[in-house]
Amino acid sequence: IAEEELNNSFDTAQEIPRTSFYATENPDVGDANNPWVSINSEVTPGTDDDFYQFELQTEETLILDIDYGWDSSNEDSIQVNTYMRLYTSAHVSRGWLDDAANNQYGGEGSISPKDPHLVTVATYDGVYYAKVTSCLNAGDLCSGTPIDVGTYVLNVTIIPTQASTGLGDD
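Residues numbered from 1 in each chain as written. Predicted model: local features only at pLDDT ≥ 70, side-chain atom pairs only at ≥ 80, totals over all residues. Heavy atoms only, no water.

A. Quick peek at the overall build of the chain. Each helix and strand counted, the chain has zero helices and nine strands in total. The N-to-C order of helical and strand elements in the chain reads β-β-β-β-β-β-β-β-β. Looking at the chain as a whole, 50% of its 170 residues qualify as buried. Counting contacts in the chain only where the partners sit at least 6 residues apart, residues at least 24 apart contribute 75% of the total. Accessible surface for the chain amounts to roughly 7900 Å². Of this, 50% is attributable to carbon and sulfur atoms. (Helix = DSSP H or I, 4+ residues; strand = E, 2+ residues; numbered from the N terminus. Buried < 20%, exposed > 50% of the residue type's maximum accessible area, 1.4 Å probe, protein only. Contact = heavy atoms within 4.5 Å. Areas by Shrake-Rupley, 256 points an atom, 1.4 Å probe, with all protein chains shown as cover.)

B. A look at the pattern of salt bridges. Inspection of the entire model under this criterion finds two salt bridges. Residue Arg18 pairs with Glu60 through a salt bridge whose shortest N-O separation is 2.8 Å. Here Arg18, found in the loop between β1 (14-15) and β2 (36-43), pairs with Glu60, found in the loop between β3 (49-56) and β4 (61-67); they are 42 residues apart in sequence, far enough to count as distant. Assigned by exposure class, Arg18 and Glu60 land together as buried. (Salt bridge = Lys/Arg side-chain N within 4 Å of Asp/Glu carboxyl O.)

C. Representation of the pairing of strand β8 (residues 126-134) within the structure. Along β8, eight of the nine residues are buried, which leaves the element largely enclosed by surrounding structure. Pairing geometry for β3 and β8, over eight bridges, is antiparallel. Across the sheet, the residue bridging to Asp49 is Thr133, located in β8. When strand β5 (residues 82-88) meets β8, the two strands line up antiparallel, connected through seven bridges. Its bridge partner being in β8, Leu86 is matched across the sheet by Ala130. (Pairing = 2+ DSSP bridges.)

These values are about where atoms sit, not about what they do.
And the structure:
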């Protein structure tokens, strides 16, 4: 899926339908047996916020994994140090992450600990939001020398429950 601008706020968040999630081979996700979707995105200019909207059902696990934002082995690539936050439908923060403590949570695409990875379990049926921005745009939470502009891939996985419905494989 390609990012669709303008997705810079809760009101204009890009909706990622449940029917877009399929369990197919993807070495960049931790377990391709669970339904996933990849969103190709870009933070530009540096003040850009990217909002995505997901519908979850109670007890489903949501995994948000940034890949290919930062590659310290490729100095010629455009790199961005990303910052990610997860919100409820009431716009209450459920968690945030600048860097991942372990860069292998999300499979082969997690090549840098500067690419964050968030996991949460849905506590209600409804909408959740992910916000991705550059670490520099997020404020003084950055470690090291942040880069403010670049591309990234947001891999989103839903681990369904026995009662889950509406995913692409249903």
